[in-house]
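Per-entry structural report
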Amino acid sequence: MADAKVIPFGDEPRTRRARNTKAKRASVRSTATPAALASVPEREQAAEPVPVEAPAESGGWDRRIAGGLSFLRRRITGDYEVDEFGYDKELTDQVLMSMVRPLYEKYFRVEVKGIENIPSEGGALIVANHSGTLPLDGLMLQVAVHDNHPAERHLRLLAADLVFMLPVINELARKAGHTLACAEDAERLLQRGEVVGVMPEGFKGIGKPFGDRYKLQRFGRGGFVSTALRAGAPIVPCSIVGAEEIYPMIGNAKTVARILGFPYFPITPTFPWLGPLGMVPLPTKWTIQFGEPIPTDGYPPEAAEDPMLMFNLTDQVREQIQHTLYKLLVQRRSVFF
């Protein structure tokens, strides 16, 4: 039989010694008084096991998953609110705005100025210039108001009839809080204390040639001023720089537009030559500035029927927007940076 290997005491394996040392420390802790513990070396006291906390990220993901499941359950069961105009606040906040926000933050890198000119409560009418061939400026304006205003106010845009005639677009516009550009709907929203947005240039502004960029078109008959006067809501002029260059419109195929029932059919340096790829907007740098509000609550009720007053206020709003556009263009160093 092979001789058993004898291990001298001084050469005892480290694992056995560590086990014995832990046993001794456990015995000391179980029998020693607080005064005796005070004499234990600090490194031995530090050997106490420290509870490990779960990472905060796991709790955050758990809450997100739970919130997402709760959202889906409400959508399936119909347990959500929609106002008389079809506005779905929950869907807008959690889905629609989240889809547009990357375009706002990362692609166009929108800079917002003068957000404090929008009141924290009560109705207000935001009047902005319109441009860009496709109405992306309205979507960027909606995100700008919600994400930058301290009260996270929602902008209810007044859209043209064509928006509500297009499949899918019609439903999404209603869900996002937009409604027809008519005086009755606008006045009801203002009286309910909503922030309403209007772009009086309409298709004349969004479909103008690239050579006329940043030149405001006619503001119509001043119907938005009459609406603000009836509701006693302030008018906030708004100037948007950067949208004019996303689709430089160098031509208009009027025959195609007439066949499709569109007000214009744009021809740009990339569309229709590159097909669907030509519909990708250029990554211009945007600036949105809200000007000083023009109060209307000091006018008598019959002021809304005064054509001269409406003309003067309309001209005042238009001139303020145009002046701010020129100022922002002078300050701009580059279209893209």
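What you see is a predicted model; the values in this text were computed from it and never measured.

Moving on, we come to unusual backbone geometry. Here Phe271 and Pro272 are connected by a cis peptide whose omega angle stands at 5 degrees. Tracing the chain through its elements places Pro272 in the loop between β8 (266–267) and β9 (287–290). Of note in this structure, Glu152 is not a glycine but carries a positive phi near 50 degrees. Relative to the elements of secondary structure, Glu152 occurs in the loop between α6 (136–148) and β3 (155–159).

Our next topic: the confidence of the model for the protein. In the predicted model, the protein carries a mean pLDDT of 84, and the fraction of residues at 70 or more is 82%. Overall, residues 1–56 carries pLDDT values under 50, and its contacts beyond four positions in sequence, including any with other chains, amount to 13 contacts.

In the structure shown here, the tally under the stated rule is 4 aromatic pairs. Ring geometry for Tyr107 and Phe108: centres 5.2 Å apart, planes at 75 degrees, overall edge-to-face. Since its relative accessible area comes to 27%, Tyr107 is described here as partly exposed. On the numbers, 4.7 Å between centres and 25 degrees between planes, the contact of Phe108 with Trp286 is stacked. A residue pair is termed long-range when its members are at least 10 positions apart, and Phe108 in the loop between α5 (89–107) and β1 (111–113) and Trp286 in the loop between β8 and β9 qualify at 178 residues. Phe108 gets classed as buried once you look at its relative accessible area, which sits at 0%. Since its relative accessible area comes to 0%, Trp286 is described here as buried. The aromatic ring of Phe210 is capped on one face by Arg213, whose charged end is 4.1 Å from the ring centroid.

What follows is about the packing of helix α10 (residues 223–231) against helix α12 (residues 307–331). Where α10 contacts α12, the two axes come as close as 9 Å, and the packing angle between them is 105 degrees. Between α10 and α12, the interaxial angle falls into the category roughly perpendicular. Residues Phe224, Val225, Ser226 and Leu229 of α10 form the contact with α12, whose participating residues are Leu309, Met310, Leu313, Thr314 and Val317. Residue classes in the contact of α10 with α12 are distributed as 7 nonpolar, 2 polar and no charged.

By the secondary structure assignment, Tyr104 is in helix α5. Given the relative accessible area of 5%, Tyr104 is considered buried. The spatial distance from the C-alpha of Tyr104 to the C-alpha of Trp286 is 9.0 Å, given a sequence separation of 182 residues. Those residues in contact with Tyr104 that lie beyond four places of it in its chain are Arg109, Val110, Val112, Met140, Val143, Ala144 and Asn148. At a separation of 2.9 Å, a polar atom in the side chain of Tyr104 contacts the side chain of Asn148.

Thresholds, definitions, all that
- Residues numbered from 1 in each chain as written.
- Predicted model: local features only at pLDDT ≥ 70, side-chain atom pairs only at ≥ 80, totals over all residues.
- Heavy atoms only, no water.
- Helix = DSSP H or I, 4+ residues; strand = E, 2+ residues; numbered from the N terminus.
- pLDDT = per-residue confidence, 0-100.
- Contact = heavy atoms within 4.5 Å.
- Phe/Tyr/Trp six-rings, centres within 6.5 Å; stacked < 30°, edge-to-face > 60°.
- Buried < 20%, exposed > 50% of the residue type's maximum accessible area, 1.4 Å probe, protein only.
- Lys NZ or Arg CZ within 6 Å of the ring centre and 35° of its normal.
- Axes fitted to C-alpha atoms, helices over the stretch in contact; angles between N-to-C directions.
- Parallel < 35°, antiparallel > 145°, perpendicular 65-115°, else oblique.
- Nonpolar A, V, L, I, M, F, W, Y, C, P; charged D, E, K, R; others polar.
- Polar contact = N/O pair within 3.5 Å; in protein donor to acceptor, adjacent residues only side chain to side chain.

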